[in-house]
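Architecture and fold: a report
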Amino acid sequence: MKRAIFKSHGDPAKMIEILEEKDPVPGPGEVRVRNLVMTINPADLLAIQGQYGAQPMTLPATPGVGAYGVVDALGHGVSQLKVGDAVLPVGSGLWADAVILKERMAPKAPAGCDPEQAALMRANPATAYLMLTDMVKLEAGDWIVQNAANSNVGRMVIRFAHELGLKTVNIVRRGDVAKALRSDGADIVIIDEGQDMAAAISSATSAMPKLALDAVGGSATEALGAAVMDRGTVVVYGLLSGETNQLNPRDLVFRDVKLRGFWLFDWYRTANRQKMHDLHSFLEAKLAKGILQTDIEARYPLDHVREAVAHAARDGRNGKILLKGNNDA
Ligand SMILES: NC(=O)c1ccc[n+]([C@@H]2O[C@H](COP(=O)([O-])OP(=O)(O)OC[C@H]3O[C@@H](n4cnc5c(N)ncnc54)[C@H](OP(=O)(O)O)[C@@H]3O)[C@@H](O)[C@H]2O)c1
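Calculation criteria
- Residues numbered from 1 in each chain as written.
- Predicted model: local features only at pLDDT ≥ 70, side-chain atom pairs only at ≥ 80, totals over all residues.
- Helix = DSSP H or I, 4+ residues; strand = E, 2+ residues; numbered from the N terminus.
- Rg over C-alpha atoms; globule rule 2.2 N^0.38 Å.
- Buried ≥ 20, exposed ≤ 12 C-beta atoms within 10 Å, placed from the backbone.
- Near = placed C-beta within 6 Å.
- Nonpolar A, V, L, I, M, F, W, Y, C, P; charged D, E, K, R; others polar.
- Domains from an automatic or database assignment.
- Contact = placed C-beta atoms within 7 Å.
- Core = buried A, V, L, I, M, F, W, Y, C linked by C-beta atoms within 7 Å.
- Axes fitted to C-alpha atoms, helices over the stretch in contact; angles between N-to-C directions.
- Parallel < 35°, antiparallel > 145°, perpendicular 65-115°, else oblique.
- Left-handed = near helix turned anticlockwise from the far one by under 90°.

1. Examining the overall build of the chain
- The helix and strand tally for the chain stands at 12 helices and 14 strands.
- The C-alpha atoms of the chain give 20 Å as radius of gyration, which agrees with the globular expectation for 329 residues (20 Å, within 12%).
- By its C-alpha atoms, the chain is 60 × 40 × 35 Å across when sized along the principal axes.
- The 329 residues of the chain split such that 41% are buried.

Encoded structure:
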């Protein structure tokens, strides 16, 4: 079997390599899962760069936190899973043809689901939904604003916001994505051409947004801080520009604008079982209805992880990049 590893931090496309090794054998209470699909997200690239919030304790390490696979071997004492069960592995180090997981870290995939869409279900849709429901009390008719709105998270925000009756202003950096965002339910799409963004948002909406979602950082944060209503909240959840978030002190002091962060990893660390169960049931229902449908730009065999990672790091993509295990039947 093959496994992707990085031995030191740096440019993901240069650091990632493939290791060939024997199939691992599950111990007591463990299962072996053959991964069919593995996701590549900005967080994986940040982890290889050494910039993510939860770094591997030792190197070399294997990236990857989203996958869909099939159980093909059981350790002693496994009671709930059987060979052939499709699962959505939980944990890190998933960019491998086969992984060993504790049984509880291999929840069954929803019956009849599309493997690629299911592999993508847990990270970005969860982030989008929780940012809309857990950070600020929003009511139908309220406005929200977000940048990087054509990202996978951004498109999920638009769809969930539309379902919740919220109105969205969506900032993007290229016009060719506007049509897709409108078909997701976007109310306003603004192309960032260096204009006064707070003024552009204000002239496009009937009320100032209560919540702003920022994946970009730098001066983009400041524009959102100026656009939200008095006592409004800017939630930072991404580091796409790599720049330190800016905020105008006049917005902080005279308008009491709040700046907060959101990290799904931390949500999982602190949520109780019931909350997680509710979130997963919600996502599975949305997956079944096709609401989480994500565009895929390209699929690469795991052997070609270097090209896959370089592609995932490119601007102007029209969908996610996936890795495929060498396990397809
Ligand atoms: N905090 C959390 O728990 C959490 C969870 C999931 C994701 N995230 C974050 O959410 C963000 C989006 O992730 P994703 O998987 O949805 O992304 P994605 O689908 O891979 O898309 C990346 C998006 O980022 C845009 N982008 C890249 N660099 C940019 C820049 N400097 N300025 C403006 N836009 C830029 C791209 O725009 P173009 O199409 O124009 O290139 C594209 O829309 C990432 O920052 C990710 O780390 C955070």
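2. Remarks on the site of the ligand
- Close to the ligand lie 26 residues, the nearest being Pro42, Ser151, Asn152, Gly238 and Leu264.
- Secondary-structure elements contributing two or more residues to the shell around the ligand are helix H2 (42–49), helix H4 (124–133) and helix H5 (152–164).
- Taken together, the residues that form the shell around the ligand break down as 13 nonpolar, nine polar and four charged.
- Counting the residues that make up the shell around the ligand, at least three belong to each of domain 1 (2–120 + 295–324) and domain 2 (124–265).

3. A look at helix H8 (residues 219–227)
- The element H8 is extensively covered by neighbouring structure, given that seven of its nine residues are classed as buried.
- Every buried residue of H8 is accounted for by Ala220, Thr221, Ala223, Leu224, Gly225, Ala226 and Ala227.
- Against strand E7 (143–146), helix H7 (197–204), strand E10 (211–214), strand E11 (233–236) and helix H9 (249–255) lie the buried residues of H8.

4. Some points on the environment of Leu132
- If you trace the backbone, Leu132 turns up in helix H4.
- Residue class for Leu132 comes out buried when judged on the 22 C-beta atoms lying within 10 Å of it.
- Separated by 78 residues in the primary sequence, Leu132 and Lys210 have C-alpha atoms spaced 11 Å apart.
- If we ignore the near neighbours within four places in the chain, the residues touching Leu132 are Leu138, Val157, Phe160, Ala161 and Leu164.

5. Considerations on unusual backbone geometry
- Cis geometry marks the peptide bond from Leu59 to Pro60; its omega dihedral reads 0 degrees.
- Looking at the element boundaries, Pro60 is found in the loop between H2 and strand E4 (67–74).
- Although it is not a glycine, Asp256 adopts a positive phi angle of roughly 55 degrees.
- Tracing the chain through its elements places Asp256 in the loop between H9 and strand E12 (258–261).

6. Examining the nonpolar core
- Val157, Ala212, Ala227, Val305 and Leu323 are the most contacted members of the largest nonpolar core, which totals 88 residues.
- Ranked by residue count, the leading element in this core is H5, at six residues.
- Those residues in contact with Ala212 that sit more than four places away from it in its chain are Ile144, Val145, Gln146, Leu224, Ala227, Val228, Gly232 and Val234.

7. Remarks on the domain arrangement of the chain
- Domain annotation of the chain identifies domain 1 (2–120 + 295–324) and domain 2 (124–265).
- For domain 1 versus domain 2, the separation of C-alpha centres amounts to 30 Å.
- If you look at the interface, domain 1 gives seven residues, while domain 2 gives seven residues.

8. Some words on the packing of H7 against H8
- Contact pair H7 / H8: the axes reach a minimum separation of 8 Å and the direction vectors enclose 40 degrees. Relative to H8, H7 is oriented oblique. In this structure, H7 meets H8 at a crossing whose hand is right-handed. Across the interface between the two elements, Met197, Ala198, Ile201 and Ser202 from H7 touch Ala223, Ala226 and Ala227 from H8.

9. A closer look at the environment of Asn326
- On the secondary structure map, Asn326 appears in the segment after strand E14 (320–324).
- Between the C-alpha atoms of Asn326 and Leu19, which are 307 residues apart in sequence, the distance is 13 Å.
- Ignoring any residue separated from it by four or fewer positions in sequence, one finds Asn326 in contact with Lys2, Asp97, Pro301 and Leu302.

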